[in-house]
Amino acid sequence: MKSRDFIKLERGKSKAFVIINPKKSSVLPCAEKLIGELRKCEIKPFMDTFAEKLIKSEGVSYVEREEGFRESDIVFVVGGDGTILRAAKGAILYDKPILGINAGRLGFLSDLEESDLENVEKLVNEGCPVEKRMVLDIEKGNESILAINDVYLTKTQPGRTTELFVECNGREVCRYRADGIVMATPDGSTAYSMSAGGPVLDTTLNAIIMTPVCPHSLISRSIVFSPDKTISVGSEFSGGERKLDVVVDGEIVFCIKKNEKITVRASEKCARFVNISGRGFYEVLNQKIIGRR
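Not measured: the values here are computed from a predicted model.

1. Considerations on the overall build of the chain
Here is step 1 of the chain: What the chain contains, in helices and strands, is 6 helices and 19 strands.
Here is step 2 of the chain: Over its C-alpha trace the chain gives a radius of gyration of 20 Å, about what one expects of a compact globule, namely 19 Å for 293 residues.
Here is step 3 of the chain: Expressed along its principal axes, the backbone C-alpha trace of the chain runs to roughly 60 × 35 × 35 Å.
Here is step 4 of the chain: Buried residues in the chain amount to 53% of all 293 residues.
Here is step 5 of the chain: Restricting the contact set of the chain to residue pairs at least 6 apart, pairs at least 24 apart contribute 70%.
Here is step 6 of the chain: For the chain, the accessible surface area stands at approximately 13800 Å², while carbon and sulfur atoms represent 46% of it.
Here is step 7 of the chain: Of the side-chain charges in the chain, 43 are positive and 42 negative, and the distance between the mean point of each set is 3 Å.

Structure follows, in structure tokens:
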């Protein structure tokens, strides 16, 4: 997978789908400012139908979300990392580039702050690189979902450990007594996996990171798998646990019971993030994580 492509919007022709998190008070003024910048650049803005009650800016069309993804040339997301993760799944399905604008706390997936919105004109004046990021296919039986950051298998009862086994291409890798296991992309390496002691990976790499959470062992470490591997994770439930929650990008999507497991593999799809700021991975890492001491 080539790590980059390029986007250049056309004045009077290109369309942008603007997605917001209406629960954050800082989002609405930021979104209105963004729409003003788009109109200066003669880019047609679309928004979700629910946003019509919140933002009544001239020149905005309000459409159902699927139509917004389908008809747009670029997706702007105003909010925090959680909002970007949820919106990115739709953008991936329609192969649309995403530009995150931070109106949350960390904003690791965001490329712009509200104070930088005048840089939107670069999209029409110069064009900008688009960085391709690996995502994961998470499968349980016939069910499948994309993970942009990570998938976390966790016990449902507090105060207990569960017995987990991990296989790679059908061969046993390890067994843990732990609270759970995180399987992360390089993008997700700076999220829960890092908090659990996992390594930080450059987002231009393609790899799958496995990190046990609170393992009952002195020597348990993360393992980094190549992207052509298929990883299976399940539990023998020999203790009091009878099921595990499967949490994808912060949301419980299903659970697994005895004799069930999930499979994790690199997806053929990818997330495409627009880079207007010109910042590289290590600059973002320093500003957003290392510098937040």
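Moving on from the coordinates now.
2. A short note on the state of the cysteines
Here is step 1 of the chain: Across all of its chains, the model carries 0 disulfides by this definition.
Here is step 2 of the chain: Considering cysteine sulfurs only, Cys-128 is the nearest to Cys-270, which forms no disulfide, with 18 Å between them.

3. So, the pattern of salt bridges
Here is step 1 of the chain: Summed over all chains, the structure comprises 17 salt bridges.
Here is step 2 of the chain: The shortest N-O distance in the salt bridge between Arg-70 and Glu-71 comes to 3.8 Å.
Here is step 3 of the chain: The partner of Arg-86 in a salt bridge is Glu-251, with the nearest N and O atoms 3.9 Å apart. One end of the pair, Arg-86, is in helix α3 (residues 81–93); the other, Glu-251, is in strand β18 (residues 251–257), and 165 residues separate them in sequence.
Here is step 4 of the chain: Residue classification places Arg-86 among the partly exposed residues on the basis of a relative accessible area of 46%.

4. Focus: the sheet that holds β18
Here is step 1 of the chain: Strand order in the open sheet made by the 6 strands is β15-β14-β13-β10-β17-β18, with antiparallel pairing throughout. Edge strands, defined here as strands with exactly one partner in the open sheet, are β15 (223–225) and β18. For this sheet the average axis-to-axis angle between neighbouring strands, irrespective of direction, equals 20°.
Here is step 2 of the chain: The pairing of strand β14 (residues 208–213) with β15 spans 3 bridges and is classified as antiparallel. Bridge assignment links Ile-209 to a residue of β15, and that residue is Val-224.

5. Side note on the pairing of strand β13 (residues 180–184)
Here is step 1 of the chain: Of all the 5 residues making up β13, 5 are buried; the element is thus mostly covered by neighbouring parts of the structure.
Here is step 2 of the chain: Side chains of β13 alternate between two faces, with Gly-180, Val-182 and Ala-184 and Ile-181 and Met-183 buried alike.
Here is step 3 of the chain: Relative to β13, strand β10 (residues 150–155) is paired through 5 bridges, and the arrangement is antiparallel. Note that in β13 the partner of Asp-150 across the bridge is Ala-184.

6. Focus on the environment of Pro-199
Here is step 1 of the chain: Inspection of the secondary structure puts Pro-199 in the loop between α5 (192–195) and β14.
Here is step 2 of the chain: Using a relative accessible area of 29% as the deciding quantity, one classes Pro-199 as partly exposed.
Here is step 3 of the chain: Contacts of Pro-199, omitting those with residues within four sequence positions, involve Ser-189, Ile-209, Ser-222 and Val-224.

7. Focus: the environment of Ala-196
Here is step 1 of the chain: Tracing the chain through its elements places Ala-196 in the loop between α5 and β14.
Here is step 2 of the chain: Distance from Ala-196 to Thr-211, taken between C-alpha atoms, is 6.9 Å for residues 15 residues apart in sequence.

8. Notes on the confidence of the model for the chain
Here is step 1 of the chain: Looking at the chain, pLDDT values average 91 and 96% of them are 70 or higher.
Here is step 2 of the chain: Element-level mean pLDDT values for the chain span from 76 in helix α6 (residues 281–290) up to 98 in β15.

9. Structural notes on the pairing of strand β11 (residues 162–168)
Here is step 1 of the chain: The buried count for β11 comes to 6 of 7 residues, which makes it a mostly enclosed element.
Here is step 2 of the chain: Alignment of β11 against strand β12 (residues 171–178), held across 7 bridges, turns out to be antiparallel. Along β12, the bridge assignment pairs Val-166 with Cys-174.
Here is step 3 of the chain: Linking two consecutive strands that pair antiparallel, namely β11 and β12, is a turn of 2 residues; a positive phi of about 50° is found at Asn-169 within it.
Here is step 4 of the chain: Sheet analysis places β11 next to strand β16 (residues 231–235), joined by 5 bridges and oriented antiparallel. Residue pairing for β16: Leu-164 is matched across the bridge by Ser-235.

So, how was this worked out
Residues numbered from 1 in each chain as written. Predicted model: local features only at pLDDT ≥ 70, side-chain atom pairs only at ≥ 80, totals over all residues. Heavy atoms only, no water. Helix = DSSP H or I, 4+ residues; strand = E, 2+ residues; numbered from the N terminus. Rg over C-alpha atoms; globule rule 2.2 N^0.38 Å. Buried < 20%, exposed > 50% of the residue type's maximum accessible area, 1.4 Å probe, protein only. Contact = heavy atoms within 4.5 Å. Areas by Shrake-Rupley, 256 points an atom, 1.4 Å probe, with all protein chains shown as cover. Lys, Arg positive; Asp, Glu negative; His and termini not counted. Charge placed at Lys NZ, Arg CZ, Asp CG, Glu CD. Disulfide = S-S within 2.5 Å. Salt bridge = Lys/Arg side-chain N within 4 Å of Asp/Glu carboxyl O. Pairing = 2+ DSSP bridges. Axes fitted to C-alpha atoms, helices over the stretch in contact; angles between N-to-C directions. pLDDT = per-residue confidence, 0-100.

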